[in-house]
Amino acid sequence: VTTFIATSKIGYDFVCHTGDLANFPFYHPRAYQAELELCATWLQGEDRPVIYDVGANGGFFSTHLAQMLAGRTPRIYAFEPVPDTFAKLRESIQRLGLTDSVYPIPAAVVDNPGPVQVSYSVRNSLLAQVSPCGLNPRVGDKLAQAKGITLDEFCSSVQAVPQLLKIDVEGSEVASLRGARGLLSRPDRPAILFEQNPITLRESG
């Protein structure tokens, strides 16, 4: 068994990809519950809400929000640069029947568009990190090439301004925000939910 559909403690389906520690929500049923409920509450007055999920991994957060907001036709753009993990994200969206609301984007979000390198581990994709200086052994044993884009250029290309911006990118938070100067200067700028880690921030300069 490589994948199976499970139900989280808050009552929504997700695809569990075995062999990757990113699937800890299967073992910790209330994982991300507080964050998801906060986001859903923030968006409760929005019809057709637009969400950017930067660092979407296998899609747990995106597919949960899509189900929680199903009555309001959300559009969720899920950014994931690691090819192996992107395949899991795409499979999660398809198996849950969410292709009309979650759009996977195979790219890293940075401050300067162009190719980037990403260190990662197949067994723990939670640690994947943009690594301009080459492989980071703390993160994993593999190095992938990926497309790097800015949120400003992406927002301009799809003409979809988000109400919510979720960022979980293992040290690239500052770069992601720098690449969103235009978006964050708008009067209708999005709310931001992000994770930060001083270790990964130092590693990313």
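Residues numbered from 1 in each chain as written. Predicted model: local features only at pLDDT ≥ 70, side-chain atom pairs only at ≥ 80, totals over all residues. Heavy atoms only, no water.

## Structural notes on empty space enclosed by the protein
Then, number 1: Across all of its chains, the model carries 1 cavity of 30 Å³ or more by this definition.
Then, number 2: In this structure, the largest cavity encloses a volume near 30 Å³.
Then, number 3: In terms of residues, the lining of the largest cavity owes the most to one element, helix α3 (residues 83–95), which gives 3 residues. (1 Å grid on protein atoms, 1.4 Å probe; cavity = no way out; pocket = protein on both sides within 12 Å on 5 of 7 lines; lining within 4 Å. Points joined across faces, edges and corners; volume = space filled by probe spheres on them. Helix = DSSP H or I, 4+ residues; strand = E, 2+ residues; numbered from the N terminus.)

## Describing the sheet that holds strand β5 (residues 102–105)
Then, number 1: The strand order β5-β4-β3-β10-β11 describes an open sheet built from 5 strands, whose pairing is parallel. Each edge of the open sheet is held by one strand with a lone partner, namely β5 and β11 (191–194). Taking the axes of each pair of neighbouring strands and ignoring which way they run, one obtains an average angle of 15° across the sheet.
Then, number 2: Two elements, strand β3 (residues 50–54) and strand β10 (residues 164–167), share 4 bridges in a ladder whose sense is parallel. The partner of Val-54 across the bridge, within β10, is Ile-167.
Then, number 3: Set on the sheet, α3 makes contact with β4 (75–79) and β5; between it and β5 the angle comes to about 165°. (Pairing = 2+ DSSP bridges. Axes fitted to C-alpha atoms, helices over the stretch in contact; angles between N-to-C directions. Contact = heavy atoms within 4.5 Å.)

## Examining the sheet that holds strand β6 (residues 108–109)
Then, number 1: Spatially, the 4 strands line up as an open sheet ordered β6-β9-β7-β8, and their pairing is mixed. Looking at the sheet topology across the chains shown, the edges are occupied by β6 and β8 (129–130).

## Observations regarding the packing of helix α1 (residues 33–42) against helix α2 (residues 60–68)
Then, number 1: Two elements in contact, α1 and α2, have axes whose closest approach is 10 Å; the angle formed by their N-to-C orientations is 45°. Regarding the angle of α1 to α2, the classification is oblique. Between α1 and α2 lies a crossing whose hand is right-handed. Where α1 approaches α2, its residues Glu-35, Leu-36, Glu-37, Cys-39 and Ala-40 are matched on the opposing element by Phe-60, Phe-61, His-64, Leu-65 and Met-68.
Then, number 2: Partitioning the contact of α1 with α2 into residue classes produces 7 nonpolar, 1 polar and 2 charged. (Parallel < 35°, antiparallel > 145°, perpendicular 65-115°, else oblique. Left-handed = near helix turned anticlockwise from the far one by under 90°. Nonpolar A, V, L, I, M, F, W, Y, C, P; charged D, E, K, R; others polar.)

## Overview of the pattern of salt bridges
Then, number 1: Applying the stated criterion across every chain yields a total of 6 salt bridges.
Then, number 2: Measuring nitrogen to oxygen at the nearest pair gives 2.8 Å for the salt bridge that ties Asp-20 to Lys-88. Within this pair, whereas Asp-20 is found in the loop between β2 (13–17) and α1, its partner Lys-88 is found in helix α3, the two being separated by 68 residues in sequence.
Then, number 3: Here Glu-203 makes a salt bridge to Arg-138, at a shortest N to O gap of 2.8 Å. Remark: Arg-138 occurs in the loop between β8 and β9 (142–149) and Glu-203 occurs in helix α7 (residues 198–203); sequence separation between them is 65 residues. (Salt bridge = Lys/Arg side-chain N within 4 Å of Asp/Glu carboxyl O.)

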